[in-house]
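So you can see what is in the structure, the chains are spelled out below.
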Amino acid sequence: MTEHLQVDSIATDAGDARPALALSADENADLCAGCTKCCSYITVEIDKPRTPREYDQWLWAIMHRNVSLFVERPERWFVCFEAPCENLNDAGRCGIYGRHPVLCREYDPRECERRLPLADIRAWFRDAPAFEAWIQRERPRHWEALVAFRNHEPAAPPVADAHADRRDARSTGLLSIEEPTAAER
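Quick caveat, the model's predicted, so the values are computed rather than measured.

Novice: Just to check I follow, could you spell out the pairing of strand β3 (residues 76–82) for this structure?
Specialist: As a general feature of sheets, a regular strand has side chains that alternate between the two faces. Taken together, the six bridges between strand β1 (residues 41–46) and β3 define a ladder with antiparallel strand orientation. Bridge pairing links I46 to W77 in β3. Linking two consecutive strands that pair antiparallel, namely strand β2 (residues 67–72) and β3, is a turn of three residues.

In structure tokens form, the structure reads like this:
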């Protein structure tokens, strides 16, 4: 345990200006011991929403399991997918270390979120109600535009008539996948 703390304190020393790629495999392993946080999600930077439709699309996205949005300072928007890496082994180690992707190799565990606070996070939206409340509070004009946009959209998608004649469906260009009739065989 003492050895781990020594390596950890050396590697996290503010005077250690080495790039992440200069850290040895042992230093990386010691810095990451007991943690797989960075291997449990991916984030992608997105354009900040500006129109009601864009807000509505991101509301749709975070209605899906394990998808969230967050905003950093200065205003940078990200979509986050909680999705553990398929290459983590049972010990929480990289099963392809040495062949791991460049994003993993360039990641600096000295600056990971378990060591440094995520001070640049302005807001994190894990569900639609939280995002809507934020828009209403922080972007009232955008909220008004979103409400107006929703009021002009249909309340629900059109419902297909399940009893429509198949010939009518063909004449509208819609295809039906079902067993052929005796006459069609």
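Novice: Sorry, what's going on with the packing of aromatic side chains here?
Specialist: Two descriptors summarise a pair of aromatic rings, namely the distance from one centre to the other and the angle between the planes of the rings. A complete count under the given rule lists nine aromatic pairs for this structure. Consider the rings of W77 and F125, whose centres lie 6.2 Å apart with planes at 25°: the pair is stacked. Of the two residues, W77 is situated in strand β3 and F125 in strand β4 (residues 121–125); the sequence distance between them amounts to 48 residues. Their ring planes at 20° and their centres at 6.5 Å tell us that F131 and W134 sit as a pair that is stacked. Of this pair, F131 and W134 both sit in helix α5 (residues 128–138), three residues apart, which is roughly one turn of the helix. The buried category is assigned to F131, whose relative accessible area is 0%. Given a relative accessible area of 4%, W134 falls into the buried group.

Novice: When you look at the pattern of salt bridges in this model, what are you seeing that I'm missing?
Specialist: Opposite charge on two side chains lets them pair, provided their charged atoms get close. Scanning all chains against the criterion turns up ten salt bridges. The salt bridge partner of E27 is R18, with a shortest N-O separation of 2.8 Å. Assessed through its relative accessible area of 31%, R18 is described here as partly exposed. Ionic pairing is found between R137 and E138, a salt bridge with its closest N-O pair at 3.4 Å. Overall, the relative accessible area of 55% leaves R137 in the exposed class. A single salt-bridge network, built from bridges that share partners, covers E75, R122, R137, E138 and R139.

Novice: Help me out: how do you make sense of the environment of D16 in this one?
Specialist: Relative to the helices and strands, D16 is located in the loop between α1 (2–11) and α2 (25–32). Separated by 94 residues in sequence, D16 and R110 place their C-alpha atoms 9.5 Å apart.

Novice: Sorry, what's going on with the state of the cysteines here?
Specialist: What is meant by a disulfide is a covalent connection between two cysteines, made through their sulfur atoms. Counted according to the given criterion, the structure contains zero disulfides. The closest cysteine sulfur to the non-disulfide-bonded C38 is located on C39, 4.0 Å from its own sulfur. The thiol of C94 is not disulfide-bonded; the next cysteine sulfur, from C85, is found 6.4 Å away.

What counts and what doesn't
Residues numbered from 1 in each chain as written. Predicted model: local features only at pLDDT ≥ 70, side-chain atom pairs only at ≥ 80, totals over all residues. Heavy atoms only, no water. Pairing = 2+ DSSP bridges. Helix = DSSP H or I, 4+ residues; strand = E, 2+ residues; numbered from the N terminus. Phe/Tyr/Trp six-rings, centres within 6.5 Å; stacked < 30°, edge-to-face > 60°. Buried < 20%, exposed > 50% of the residue type's maximum accessible area, 1.4 Å probe, protein only. Salt bridge = Lys/Arg side-chain N within 4 Å of Asp/Glu carboxyl O. Disulfide = S-S within 2.5 Å.

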